[in-house]
Structure formats: C-alpha cells, structure tokens
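Remarks on the overall topology
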Amino acid sequence: MKTRHLLCSVAIGLTFASCQWGVPKQQKEAVVTDTLVYTYKTIHERAADCGDKPDSSCTVVQVKYPVFTGQKTLNDSVAGKLTSMFAMDGKPDSSVALMSKKFLQAYMDFKKGDPRSEMYFELNSYAKVLVQDSSLTTLEVGGYSYQGGAHGASATFFINWDTKANKDIALDDLFKTGYQDKLKGIAETIFRKDEKLSDTATLANDYFFKDNKFALNDNFSITPTGLKFVYNEYEIKPYAAGITTLVIPYSQIKSLLRPNTVVTKYAK
C-alpha cells in the first residue's frame, strides 16, 4: 500500500503535532527479471598472416557469448552448441578457446598446402540471451563459417533453459503424453500456409523431408507468443533458400500443453 505522506508542524506553545493524509494507491507487483547473472565474453583472434589487413580481408575468429556466474551446466550447454555448430572434424571441441585455435591452425595448414592462394577463412559465431525471467532463460546460438569451398555456412540454434530445474527444456517437458502427431499436424498446416502450398501438394520437389513427409524438428525457442522452430540451411531446402522459420501460436496448441510449465504464463 502506497500512501502520500505530509508532515505538518503547528506551533502551540512548546508542543508540536503532526498530521498525515493521502489517497491510498495499490503497489504494482514486482516483476523478477535477469535472475541469472552473466557477462559476455569475446574471443577475437587473427591469423598470423593478417598483418595490417582489416578483419574483413583476412582469417579471423570472432566469438561472443555469455558466461553465467555459478552455472556450470548452462555454460557447458552454451559452449557445446558453439563448438558443435561448425565442427571441422564432425566432433565438437572441449572449449570455445580450443575451437578457435584449431580453426586458425586449419587455415595455416591450408596455406602451407597452397601458399599462393588468396583465400581466407572466417568464423563469426555468437550466443545471446533472448528472454530471461525467474523460470526461463532462452538463448539464441548462431553464426557463420567459411572454411573454403563454394560458399560458407550459417546456422541458428536455441537453448531453452529451465532456471529452477537447471536443465534444458525439451518438447516432452511442455506437452502432454501422445502429443507428437497432433502437434505435427498443426505445424504442417502452418508450414503449408507459409509456403503457399495446398493441403495435398507434394513435398517431393522442393524439400528434403524424409520420405517426402513433413516433419517437425526440435530446434525451437520459447517466445511470449508461441514456439518458434528453425530449419537451418540444407535441412529441408537447398542452400540458396536459406533458413526456414515456423511459428506455432500457443492458441493453437493450448490443449496439448502440460499444466504448470514455463510456458503456462504465455498460453492463457
């Protein structure tokens, strides 16, 4: 309860009296945000042959990501996403720093094999906090890498972190048992509408779905309006088509959601 106070003094001999009045007002309920403390760390490394060249014309590694205080499991999850996105040998490195060193070494090995080449590599990746409150921390992890060849590669992934349980959130944590087929049906209807496809149009010609049947992946972020799924390059379309985003509003999946989860506050 918030009250405006006014202190009044009236001199009557040696006695002082005070008076108080005001219109009571309701205090707004406190909103808890940024419950996890973090700072952003940046790795910026240049190849030995960069010299006076700007970053835009030589081999550079640039990685920026949050480090959460006292949250080893979450920090490991962030590092795991960063090191696995563009793993050169198909296996993620044990740390972001080691990934950076190995990337630069791969470039130097390439130059030894072809010293006259003007080609340079690039690794520019990041992790950033999108949403954080007392129960949920959502991060986007993405970037671009070029390691020779016709073109580079871009990717976007997400981490939805249950702050209280200290674990990554899977679709099974949000939906009731047996949700898969119903969720896929809703998602396919949205996908076909976004892609301007009829209900019976084949997916064989322009997409890479297994057996030419729509499938929903598990690369999603929890947003205030719905679940946002992202298909990366080459996942369901050719490289030139880029990434594909699919948003499923909570209003269409409310009956499938478990009660009392991190999305309950959104799906009202």
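What this report covers is the structure whose coordinates are included nearby. (Residues numbered from 1 in each chain as written. Predicted model: local features only at pLDDT ≥ 70, side-chain atom pairs only at ≥ 80, totals over all residues. Heavy atoms only, no water.)

1. As for the overall build of the protein chain
Quick reminder of the rule: Helix and strand labels come from DSSP, where a helix needs a run of H or I of at least four residues and a strand needs a run of E of at least two; each type is numbered from the N terminus. Buried, partly exposed and exposed residues are distinguished by accessible area as a fraction of the type maximum, computed with a 1.4 Å probe on protein chains only: under 20%, between the cut-offs, and over 50%, respectively. Should any heavy atoms of two residues lie within 4.5 Å, those residues are considered in contact. Note on areas: these come from Shrake-Rupley sampling with a 1.4 Å probe, and a residue is covered only by the protein chains present in the view.
A count of helical and extended segments in the protein chain gives 5 helices and 11 strands. Counting over 268 residues, the protein chain shows a buried share of 36%. Contacts spanning at least 24 positions in sequence make up 54% of the contacts within the protein chain whose residues lie at least 6 apart. With an accessible surface of roughly 16200 Å², the protein chain has 53% of that area assigned to carbon and sulfur atoms.

2. Details of the sheet that holds strand E3 (residues 38–46)
What counts is decided by this rule: Following DSSP output, two strands are said to pair if at least two bridges run between them.
Reading across the sheet, the 6 strands line up as E3-E4-E5-E6-E7-E8 and stay open at both edges, with mixed pairing between neighbours. A single partner strand is all that each edge strand has here, and the edge strands are E3 and strand E8 (167–168). In this structure, strand E6 (residues 136–146) lies alongside strand E7 (residues 153–162), joined through 10 bridges in antiparallel fashion. By the bridge assignment for E7, Gly143 is matched with Ala155.

3. Structural notes on helix H4 (residues 180–194)
Note that an α-helix has 3.6 residues per turn; residues three or four places apart therefore point the same way. Defined as follows: Helix span, expected: 1.5 Å multiplied by one less than the number of residues in the helix.
Over its 15 residues, H4 extends 21 Å from the first C-alpha to the last, a length consistent with the 21 Å expected when each residue adds 1.5 Å. Regarding H4, the residues found buried are Leu183, Ala187, Ile190, Phe191 and Arg192. On its buried side, H4 packs onto strand E11 (244–249) and helix H5 (250–253). Backbone geometry just after H4 places Lys196 at a positive phi near 60 degrees.

4. Overview of the sheet that holds strand E9 (residues 220–222)
As a reminder of what qualifies: Every axis corresponds to a line fitted to the C-alpha atoms, with the helix fit spanning only the stretch in contact, and the corresponding angles, defined between N-to-C directions, vary from 0 to 180 degrees.
Ordered in space as E9-E10-E11, the 3 strands form an open sheet in which the pairing is antiparallel. For this open sheet the edge positions go to E9 and E11, each flanked by a neighbour on one side alone. Between one strand and the next, the sheet's axes are offset by a mean angle of 20 degrees, whatever the strand orientation.

5. Re the pattern of salt bridges
As a reminder, the rule being used: The salt bridge definition used is simple: a Lys or Arg side-chain nitrogen within 4 Å of an Asp or Glu carboxyl oxygen.
In this structure the tally under the stated criterion is 7 salt bridges. The salt bridge involving Asp93 is made with Lys102; its shortest N-O contact spans 2.8 Å. Note on Asp93: relative accessible area 16%, which makes it buried. In this structure, Lys265 and Asp133 form a salt bridge, with 3.3 Å as the shortest nitrogen-oxygen distance. Residue Lys265 is found in the segment after H5, and its partner Asp133 is found in the loop between strand E5 (122–132) and E6; the two are separated by 132 residues along the sequence.

6. As for unusual backbone geometry
One non-glycine residue, Lys196, lies in the positive phi region at around 60 degrees. In this structure, Lys196 sits in the loop between H4 and E9. Taking the relative accessible area as the measure of exposure, Lys196 reaches 76% and is therefore exposed.

7. So, the side chain of Asn217
Under the convention used in this document: The definition of a polar contact used here is a pair of N or O atoms within 3.5 Å, where within protein one atom must be able to donate a hydrogen and the other to accept one, and adjacent residues in sequence count solely through side-chain atom pairs.
One can find Asn217 in the loop between H4 and E9. A polar contact of 3.2 Å, which involves the side chain of Asn217, links it to the backbone nitrogen of Asn219. Looking at Asn217, its side chain comes within polar contact range of the side chain of Glu235, at 3.0 Å. Excluding residues within four positions of it along the chain, Asn217 makes contact with Leu171, Phe229, Val230, Tyr231 and Glu235.

8. Side note on the side chain of Glu233
The cut-off we apply is this: Think of it this way: Lys and Arg go in the positive column, Asp and Glu in the negative one, and His and the chain ends go nowhere.
With respect to the helices and strands, Glu233 occurs in the loop between strand E10 (226–231) and E11. As a buried residue without a salt bridge, Glu233 has its nearest oppositely charged side chain in Lys237, at a separation of 12 Å. Here Ser154 takes part through its backbone nitrogen, which lies 3.1 Å from a polar atom of the side chain of Glu233. Apart from residues lying up to four places away in sequence, Glu233 is in contact with Ala153, Ser154, Tyr239, Gly242 and Ile243.

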